[in-house]
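Working through the structure, step by step
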Amino acid sequence: QVQLVEPGGGLVQAGGSLRLSCAASGRAFTMYRMAWFRQVPGKEREFVATISSSGLSTYYADSVKGRFTISRDNAKNTVYLQMDSLSPEDTAVYYCAADRNSVGSYGYWGQGTQVTVSS
């Protein structure tokens, strides 16, 4: 089992950058595919990006491709989301999630962190 904690988030101006981190406690971080999702009030949670357990494979939603970068440091049990060229449309609560053994289902979630982009 893994617990996910997401410090950070915050307020940034449009065009700016922000890096989110998600620290995982528990065992065997390398067994988990990791991902970031986001949610705006009144809307469904939206996939943002995912990274394989090894870190060698990544995949992005079209809305963030070329602007966001997901990465992980398995020695630190941490996954990151570097967000550049932010726009007000990126304002949301961002969640990290873990998929044990990459079965295609994210069974573990962080508490979420607010990102607000001002125009």
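To start, this report covers the structure provided alongside it.

About the criteria used
- Residues numbered from 1 in each chain as written.
- Predicted model: local features only at pLDDT ≥ 70, side-chain atom pairs only at ≥ 80, totals over all residues.
- Heavy atoms only, no water.
- Helix = DSSP H or I, 4+ residues; strand = E, 2+ residues; numbered from the N terminus.
- Buried < 20%, exposed > 50% of the residue type's maximum accessible area, 1.4 Å probe, protein only.
- Polar contact = N/O pair within 3.5 Å; in protein donor to acceptor, adjacent residues only side chain to side chain.
- Contact = heavy atoms within 4.5 Å.
- Salt bridge = Lys/Arg side-chain N within 4 Å of Asp/Glu carboxyl O.

With respect to the element layout, Thr-50 can be found in strand S5 (residues 46-51). For Thr-50, a relative accessible area of 6% gives the class buried. A distance of 3.1 Å separates polar atoms of two side chains, one belonging to Thr-50 and the other to Arg-33. A distance of 3.0 Å separates the side chain of Thr-50 from the side chain of Tyr-106, its partner in a polar contact. Excluding its chain neighbours within four sequence positions, the residues that come into contact with Thr-50 are Arg-33, Met-34, Ala-35, Ser-57, Thr-58, Tyr-59, Ile-70 and Tyr-106.

Summed over all chains, the structure comprises 4 salt bridges. Arg-67 serves as the salt-bridge partner of Asp-90, at 2.8 Å between the closest nitrogen and oxygen. Remark: Arg-67 occurs in the loop between strand S6 (58-60) and strand S7 (68-73) and Asp-90 occurs in the loop between strand S8 (78-83) and strand S9 (92-100); sequence separation between them is 23 residues. You'll find Asp-90 and Arg-67 in the same group, each marked buried. What emerges from the salt-bridge pattern is a single network uniting Arg-38, Glu-46, Arg-67 and Asp-90.

Purely spatial values, then, with no claim about function.
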